[in-house]
Amino acid sequence: MNYTSKGAATALLAAMSIAGTASPAAASIVGKPAAVVQLDENGMIAIAGIEADAALTAMYDQSPAEVFEYAMDVNGIHCTTNNNAGCNTVAGCGGTFV
Amino acid sequence: MTSLAAPVLDVSAASPNADALRRQREWNVRSTGLSNSTLELILLPTEQCNFRCTYCYEDFAIGRMPQGVVDGVMALIRRRAAGLKHLHLNYFGGEPLLNMRAVRQISALGKQLHDQGVLRLTSGMTTNGFLLDDAMMEELVGYHCTQLQVSLDGWGDAHDRSRPKRNGGPTFDRIWANILSAAQSSRDFSMLLRVHLMPGNEEGVLRLAERINASCSDDRFQVLLKKVGNWGGRDPNHPAVYDEASDHFSNFYDRVRNSLSRVSDVGADESGGNAAKAAEAEGTAPFICYAARGNSLVVRANGRLNKCTVALSSKGNDVGEIRADGTISIDADRMAPWMRGLATMDAEQLRCPATHVLSGGR
């Protein structure tokens, strides 16, 4: 797993920025985001080769602790996931858990 | 808990705050869906069930999770533990309580890591409630498995018509006794009573609502009203389903909702629910289905990895496998479309990637 560097973070920002546009160049990235986001054999997420929490920090100037706090807020405390295809797992119910 | 919700911002197109809000939204979505600090495993300890609900979409082709897969799940948790701050174990099925051996092994590991301060464990289970007696509740709560969901189709016969045992026998009385037992205990849990609405069960649901108000009135209980849909079930007795847009459904929904003292707005309708819509309208918390997140995997009883718990038989949902040593293999081409919303920030792709992925919209 590669960890963040200034250069890599800049490349990542460019990649994600492109993915959010509607330009012809973006289409190939949007159409195949595996090129940007992938999981390794441990289920670790990397974004353009950068470990994901570090990449998020580089992209948004939020510390890993803040990333975790937010992720907990959404996933662990207030579960806001909701699968509208009719999923009936707890994770998919959209209920608020304390 | 730190609140990172964005302050109220002027989001008019000309405002510089519009860009700040966009960045906040992006960060919210991506930190939820991409963080390696959290891992959610939706585990199917068995894909067999002691019920035969007439609208069920599962085919029961796969049995119990063999020890090799259980070992693989535990090994994956051990491999990831040092870097994890939050582990969420979510048991689904089939009926997960039919394979408590697997639940016990995996949950005991999670609890051990929690007790050692390595990570925080939260856990939930979707169960039909038939085996959820007092002793089982005690054991599950001991494993931090405190987020429970039980489905009901109405009071008594209304429930038994569409949620019979595999041998056709009734199930309601025992489930209700288990719910009452949980309500009368002092245990710390949350139980979502998922009440299904379908043509023909109106009277039974209204009667059930009265009894829920009377017996499940504390804040550990919430009720989620869900319209039964047709998700591929092949039972010849599959009930008719409501047209969401019909006045009949709206009137029924409103009557039940107004009769309940504790009802969850989130997820109450097929478009996402009022509370979620409100959060979305604020611009800070768009819906993200677990299937759209990179840090959430469904582990089937046979060790195959899925993203969605509904489209279990769809090839596009089969994204990899877990090995006994805890490593996983992922088919990136199949995994990628599920996470597309994290790149595009498209609300529909985040809300329900299955509708996009499985329709071939890759």
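## As for the overall build of chain B
In step 1: Helix and strand counts for chain B come out as 13 helices and 10 strands.
In step 2: Split into buried and exposed, the 362 residues of chain B put 60% on the buried side.
In step 3: Within chain B, contacts between residues separated by at least 24 positions form 69% of all contacts whose residues are at least 6 apart in sequence.
In step 4: Summed over its atoms, the accessible surface of chain B is roughly 13,800 Å², and 48% of this surface lies on carbon and sulfur atoms.

## Digging into the nonpolar core
In step 1: If you look at the biggest cluster of nonpolar residues, it comprises 117 residues, and the most contacted ones within it are Leu41, Leu140, Ile179, Met191 and Leu193 of chain B.
In step 2: If near-sequence neighbours (up to four positions away) are discounted, Leu140 of chain B is found in contact with Leu97, Met100, Val103, Met125, Leu132, Cys145 and Leu148 of chain B.

## Some words on the sheet that holds strand β3 (residues 120–127) of chain B
Residue and element names in this part refer to chain B.
In step 1: Spatial ordering of the open sheet is given by β6-β5-β4-β3-β2-β1-β7-β8-β9-β10, a layout of 10 strands whose pairing is mixed. This sheet does not close on itself; its edge strands, each paired only once, are β6 (221–227) and β10 (328–330). On average, each strand axis in the sheet is inclined to that of its neighbour by 25°, with strand direction left out of account.
In step 2: With 5 bridges connecting them, β3 and strand β4 (residues 145–152) associate as parallel partners. Residue pairing in the sheet places Gly124 in a bridge with Gln147 of β4.
In step 3: Lying on the sheet, helix α4 (residues 134–142) is in contact with β3 and β4; it crosses β4 at an angle near 135°.

## A look at the side chain of Ser37 of chain B
In step 1: Secondary-structure assignment places Ser37 of chain B in the loop between α1 (17–34) and β1 (38–43).
In step 2: For Ser37 of chain B, a relative accessible area of 4% gives the class buried.
In step 3: A polar contact of 2.6 Å, which involves the side chain of Ser37 of chain B, links it to the side chain of Asp53 of chain A.
In step 4: Ignoring sequence-local partners within four residues, the contact set of Ser37 of chain B consists of Asp53 and Phe68 of chain A together with Gly83, Leu84, Lys85 and His86 of chain B.

## As for the pairing of β3 of chain B
All names here are of chain B.
In step 1: When you tally the buried positions in β3, you get 7 out of 8 residues, the bulk of the element.
In step 2: The pairing of strand β2 (residues 86–91) with β3 spans 6 bridges and is parallel. Following the sheet pairing, Leu87 is matched in β3 by Leu121.
In step 3: Once the chain exits β2 it traverses helix α3 (residues 100–115) before rejoining the sheet at β3, and the crossover so formed is right-handed.
In step 4: This β-α-β element, β3 to α4 to β4, shows right-handed connectivity.

What counts, and where the lines are drawn
- Residues numbered from 1 in each chain as written.
- Chains lettered and ligands numbered in written order.
- Predicted model: local features only at pLDDT ≥ 70, side-chain atom pairs only at ≥ 80, totals over all residues.
- Heavy atoms only, no water.
- Helix = DSSP H or I, 4+ residues; strand = E, 2+ residues; numbered from the N terminus.
- Buried < 20%, exposed > 50% of the residue type's maximum accessible area, 1.4 Å probe, protein only.
- Contact = heavy atoms within 4.5 Å.
- Areas by Shrake-Rupley, 256 points an atom, 1.4 Å probe, with all protein chains shown as cover.
- Core = buried A, V, L, I, M, F, W, Y, C linked by side-chain atoms within 4.5 Å.
- Pairing = 2+ DSSP bridges.
- Axes fitted to C-alpha atoms, helices over the stretch in contact; angles between N-to-C directions.
- Polar contact = N/O pair within 3.5 Å; in protein donor to acceptor, adjacent residues only side chain to side chain.
- Right-handed = clockwise from strand over helix to strand, strands pointing away.

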